[in-house]
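# Summary of structural features
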Amino acid sequence: MNKSKLMLAALVAIPVSVGMVGEAGAEQTETLGDSLATPVDINKAIEGLNTNSTRLELEKVKEAYNKLSQELRQQISNYGKVEVLLDDLEKKEAQIANRIAAEKVTEMIQTFNDESTPAEINAARKAYDALNIEAKKLVDKQVVTNLEYFESRLAVQKAQAEKEAKVVMDRIKRIDKTKYTEAQIKSIRLAYNTLSDYAKSFVTNLNILIDGENYIIYQNTVVKQAKLDANAFDIYMNDISRSSTTQEIARARSIYNNLSAEAKRHVTALEKLVRLETMWRDPHYIELVYTYYPDYIHDIKPGGVVVEKPTYDPLYIPDDSASTVATTIPKTANWSQYETMTYQNGRYITQITASQVKNIADRNMRLKAGEIEIVIPTSEIQTSAATVGVSVNVMNNQLHIQFTEGNRAKTFVSTVEVHVPVSKLKANTSQVIQRVLSTGTSPASFKVDGSKFIIRTATGGTFKAANSSVIYTDIPNNDQGRAIRELTKRGILFNTKNRLVQSYKQVSKLDAAVMIASALDVSSNTRSKYLDIANTQQLRLVQGLLDAGIMSGATSSRFAPNATVTKEEAAIIIANMYRYLNQDLAEAYNELNFSYSDISNLTLEARQSIAILELFGVVDGEGPFNPEKTLSRGEFAELIYNALKAVDYL
């Protein structure tokens with residue numbers, strides 16, 4: 001029992017007989033109350049009172065005295081004793097209450113360490129300032145000095161956090177959603193996600209970034225489909241001319257009328273349709289042509305008139321029935337979305353430039369290397385500053401793949417998928433894929449699709465198949481245990497040093513980071529600013545998550561590896577993971593639908609993240625969400641497993 005609890009017990013027990021008398025004491029007090037009917041009874045009761053008397057006993061006597069008439073009160077010889085005892089009792093209670101409050105503040109401050117958050121430090125200061133003068137005297141001066149020391153550190157961190165936040169806020173402020181590209185918006189989102197948790201709290205215009213993301217998603221979904229529909233209509237209109245029948249023109253009108261409003265905005269052949277409809281509907285069409293264009297009649301043919309007129313005439317609408325309507329997607333690219341790599345010296349190789357793929361509309365391009373297929377996000381090539389090289393081969397049952405940009409190794413922002421037949425690696429579908437390192441192996445991100453492994457990577461490397469194993473011996477037999485078992489088979493582990501997963505323990509921030517980075521095969525050799533992670537491999541994983549915009553530290557220099565993870569924080573991490581995986585979040589952005597009633601007061605980022613989890617079926621939307629609940633290892637594993645399964649990642 002800590003000191004505060006002892007003090008609380010003492011307070012309850014003032015005087016000692018309170019709370020200790022049990023039923024006998026209660027009966028005695030009740031009897032005392034019933035017997036205080038006359039001045040004689042009250043005098044006798046007062047005579048029996050002392051410093052050990054309970055507040056209840058004192059209050060009973062006081063109540064009986066107050067019920068007496070003024071005349072009968074004159075017969076009470078020593079009522080002042082009751083008031084003195086009550087006053088002493090109140091002083092004792094106040095002293096112990098002050099001591100409890102002081103002890104609580106002292107405990108808050110004495111737990112401070114390098115991982116203490118700004119919220120914890122501010123809470124301690126608020127609690128200390130709320131103490132009265134007497135309670136403050138009970139707080140040791142060294143404890144107060146310790147609080148002031150951490151506040152001075154916090155002031156430095158605050159200045160740094162505000163500075164970092166301002167840089168991102170300035171970038172957000174300059175967003176013009178009608179002009180910014182998807183890459184620019186993603187770059188700003190990544191900049192925000194890589195801020196520390198403390199710095200994020202100073203960003204006040206996040207809604208502008210979210211609105212920009214929403215617009216990009218709208219462009220990539222609704223507008224893209226609308227342009228395709230409009231393009232199909234324009235192509236159909238290529239074959240419609242003055243020689244077309246009324247039925248053909250009517251069908252063209254029907255097609256146009258069934259287009260969405262967005263698609264109609266991108267149609268280029270509507271004026272032609274209107275002209276043709278006018279020609280057939282107006283019996284005086286030819287006369288009208290002679291009236292408006294008498295000098296430019298070139299020829300009259302059945303069903304129409306051929307007009308030649310200078311294009312500078314603003315009233316003239318040229319006849320384009322014989323021309324080819326420009327399509328939305330130019331067909332000038334000398335690469336298609338499907339290309340075959342060249343086999344040379346035992347490897348499949350190719351080189352791609354940004355100009356070669358600038359007109360490919362598909363989000364991905366596929367490279368064929370024999371039985372192996374490599375899927376690369378088109379935008380990654382279009383934004384490259386130099387030629388991108390790809391090289392792949394299989395040797396000794398291991399897949400070797402290299403990506404270069406100019407003379408340097410290339411790291412993609414999004415993941416590249418390598419589809420390789422299981423037989424090429426002399427493996428079976430029950431095995432797992434590992435990345436081969438100079439120091440051993442690490443889990444690789446992959447899934448099994450029929451008779452193929454789909455390996456995901458942002459960098460080149462060597463990959464092999466290996467037998468899976470479950471190292472934990474205490475996995476529970478429930479949904480949490482199933483998630484832990486399936487993740488463990490793939491080498492996606494918690495930060496444990498033995499064969500016990502201890503799923504009931506609270507998941508730490510480092511636990512969560514190691515698990516997610518392992519699942520996504522994310523790491524970074526970038527020099528990290530985190531000073532509170534000593535393990536080099538763990539630091540690479542944590543820095544990889546920061547670079548990917550999935551998970552950030554408490555401050556720019558502290559990751560806070562031992563901090564707990566709340567359900568709200570887990571939701572934000574998973575939403576960031578979905579962004580990294582380029583999942584379609586349009587519905588969550590557009591509608592922000594959620595069923596939980598206890599999240600309406602959360603930040604916009606948190607509410608949107610929870611809506612994303614509900615949209616993908618990671619959570620069911622039933623009951624309360626409990627955003628402040630700290631998660632256990634088992635609960636976190638179940639969330640991550642369900643999140644990865646929901647997007648067909650495992």
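To keep things clear, this report deals only with the structure shown in the data block. (Residues numbered from 1 in each chain as written. Predicted model: local features only at pLDDT ≥ 70, side-chain atom pairs only at ≥ 80, totals over all residues. Heavy atoms only, no water.)

## Points about unusual backbone geometry
With the exception of glycine, most residues fall at negative phi, and the peptide bonds are largely trans. Of note in this structure, Lys426 is not a glycine but carries a positive phi near 50°. On the basis of relative accessibility, which here comes to 63%, the residue Lys426 falls in the exposed class. Not every positive phi belongs to a glycine, and Asp648 is a case in point at roughly 60°. Judged by relative accessible area, which is 46%, Asp648 ranks as partly exposed. (Buried < 20%, exposed > 50% of the residue type's maximum accessible area, 1.4 Å probe, protein only.)

## What about the pairing of strand β16 (residues 461-466)?
Most of β16 sits inside the fold, with 5 of its 6 residues counted as buried. As paired strands, strand β9 (residues 398-405) and β16 are joined by 4 bridges and run antiparallel to one another. Residue pairing across strands places Leu399 opposite Phe463, the latter belonging to β16. Where strand β12 (residues 432-437) meets β16, 5 bridges bridge the pair, whose relative direction is antiparallel. Looking at the pairing, Arg435 lines up with Phe463 of β16. (Helix = DSSP H or I, 4+ residues; strand = E, 2+ residues; numbered from the N terminus. Pairing = 2+ DSSP bridges.)

## Some details on the environment of Glu182
Its location among the elements puts Glu182 in helix α10 (residues 182-193). With 30 residues separating them in the primary sequence, Glu182 and Gly212 have C-alpha atoms 9.1 Å apart.

## Examining the packing of aromatic side chains
Tallied over the entire structure, the rule returns 11 aromatic pairs. Where Tyr198 meets Phe202, the ring centres are 5.2 Å apart and the plane angle is 65°; that geometry is what we call edge-to-face. Ring centres of Tyr578 and Phe616 lie 4.6 Å apart, and the angle between their planes is 50°; this geometry places the pair in the tilted category. Separated by 38 residues along the polypeptide, Tyr578 in helix α22 (residues 567-580) and Phe616 in the loop between α24 (604-615) and α25 (633-646) bring together distant segments of the chain. Connected via pairs of aromatic rings, a cluster forms that spans Phe112, Tyr149 and Phe150. Sitting above the plane of the Tyr192 ring, Lys200 keeps its charged end 5.5 Å from the centroid. The side chain of Lys567 reaches across the aromatic face of Phe625, ending 4.5 Å from its centre. (Phe/Tyr/Trp six-rings, centres within 6.5 Å; stacked < 30°, edge-to-face > 60°. Lys NZ or Arg CZ within 6 Å of the ring centre and 35° of its normal.)

## What about the packing of helix α3 (residues 39-48) against helix α4 (residues 55-67)?
Between α3 and α4, whose axes approach to 10 Å, the crossing angle comes to 155°. In terms of orientation, α3 and α4 fall into the roughly antiparallel class. For the pair α3 and α4, the sense of crossing is left-handed. Across from Ile42, Ala45 and Ile46 in α3, the residues of α4 making contact are Val61, Ala64 and Tyr65. Along the lines of polarity and charge, the residues of the contact of α3 with α4 split into 6 nonpolar, no polar and no charged. (Axes fitted to C-alpha atoms, helices over the stretch in contact; angles between N-to-C directions. Parallel < 35°, antiparallel > 145°, perpendicular 65-115°, else oblique. Left-handed = near helix turned anticlockwise from the far one by under 90°. Contact = heavy atoms within 4.5 Å. Nonpolar A, V, L, I, M, F, W, Y, C, P; charged D, E, K, R; others polar.)

## Quick look at the pattern of salt bridges
The final tally for this structure, using the stated rule, is 20 salt bridges. Here Glu93 and Arg55 are joined by a salt bridge, their closest N and O atoms 2.9 Å apart. Pair noted here: Glu93 is in helix α6 (residues 80-110) and Arg55 is in helix α4, with a separation of 38 residues, a long-range link. Judged by its relative accessible area of 22%, Glu93 is partly exposed. Of the residues examined, Arg55 reaches a relative accessible area of 24% and is grouped as partly exposed. (Salt bridge = Lys/Arg side-chain N within 4 Å of Asp/Glu carboxyl O.)

## A short note on the side chain of Thr566
With respect to the helices and strands, Thr566 occurs in the loop between α21 (536-547) and α22. The buried category is assigned to Thr566, whose relative accessible area is 16%.

Interpretation in functional terms is not warranted from these geometric data alone.
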